[in-house]
Amino acid sequence: MLDDVATAPIPEAEKALFAFVDQLNDAPGDVRRDDVERLKAAGWSDEAVYDAVSVCALFNFYNRWIDGTGVQGMSPELYMKSAKRMAVGGYLPGPPAPSAPPSSNGEDEPER
């Protein structure tokens, strides 16, 4: 799929969506109503098109932000660990760590 969406073994509706997102990335000023209408004809709702545009825009924003601020990527080992976690639980964070019981000496009391 990464080499050629048009020949990938995915549904035609998804091919249309990926072609639209490619166009949105490569030539955003050239996106027209006809492009959106093609997606709708392929079975995508207005909400799905809106979501696709939003996700595309956010990834572009974050990529520029990362490049501009010098944020560095993780090691290959950490990417693999993250991928395994996401394969099981998706993007949701894990459960919170158990908190320690409050101390009896009043140190955990909020300031007044």
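Our structure's up above, just so we're on the same page.
Here the structure is a predicted model, which is why all the values come from computation and not from measurement.

## Structural notes on a nonpolar patch on the surface
So, point 1. Taken together, the side chains of L58, F61, Y62, W65, I66 and V71 present a nonpolar region at the surface, about 590 Å² in accessible area.
So, point 2. Along the chain, L58 turns up in helix 3 (residues 46–69).
So, point 3. The exposure class of L58 is partly exposed, given its relative accessible area of 44%.

## Remarks on the pattern of salt bridges
So, point 1. All told, the structure shown has three salt bridges when counted by the stated rule.
So, point 2. Among the salt bridges present, the one from K15 reaches E12, with a minimum N-O distance of 3.2 Å. Of this pair, K15 and E12 are both found in helix 1 (residues 12–26), three residues apart, which corresponds to roughly one turn of the helix.
So, point 3. Look at E12 and you get exposed, because its relative accessible area is 57%.
So, point 4. Residues D35 and R38 are paired through a salt bridge, measuring 2.3 Å at the closest nitrogen-oxygen approach. With a gap of three residues between them, D35 and R38 both fall in helix 2 (residues 33–41), about one helical turn apart.
So, point 5. Overall, the relative accessible area of 8% leaves D35 in the buried class.
So, point 6. On the basis of relative accessible area, R38 is assigned to the exposed category, the value being 52%.

Procedures and definitions
- Here, residues in each chain are numbered from 1, in the same order as that chain's written sequence.
- pLDDT decides what is reported in this predicted model: residues at 70 or higher carry local features, side-chain atom pairs at 80 or more are listed and counted, and totals for whole chains, interfaces and linings draw on all residues regardless.
- Neither water nor hydrogens contribute to the side-chain values; these are computed over all heavy atoms in the structure.
- For patch building, the residue pool is restricted to those with more than 30% relative accessible area and no salt bridge; the joining distance is 9 Å between like charges and 5 Å between nonpolar side chains (Val, Leu, Ile, Met, Phe, Trp, Tyr).
- Methods summary: accessible areas were calculated by the Shrake-Rupley approach with a probe of 1.4 Å, and residue burial reflects only the protein chains presented.
- When a carboxyl oxygen of Asp or Glu is within 4 Å of a side-chain nitrogen of Lys or Arg, the pair counts as a salt bridge.
- Where helices and strands are cited, they refer to DSSP runs of H or I of at least four residues and of E of at least two residues respectively, numbered from the N terminus.
- Under the scheme applied here, a residue whose accessible area is under 20% of the maximum for its type counts as buried, over 50% as exposed, and between as partly exposed, the area being computed with a 1.4 Å probe on protein chains only.

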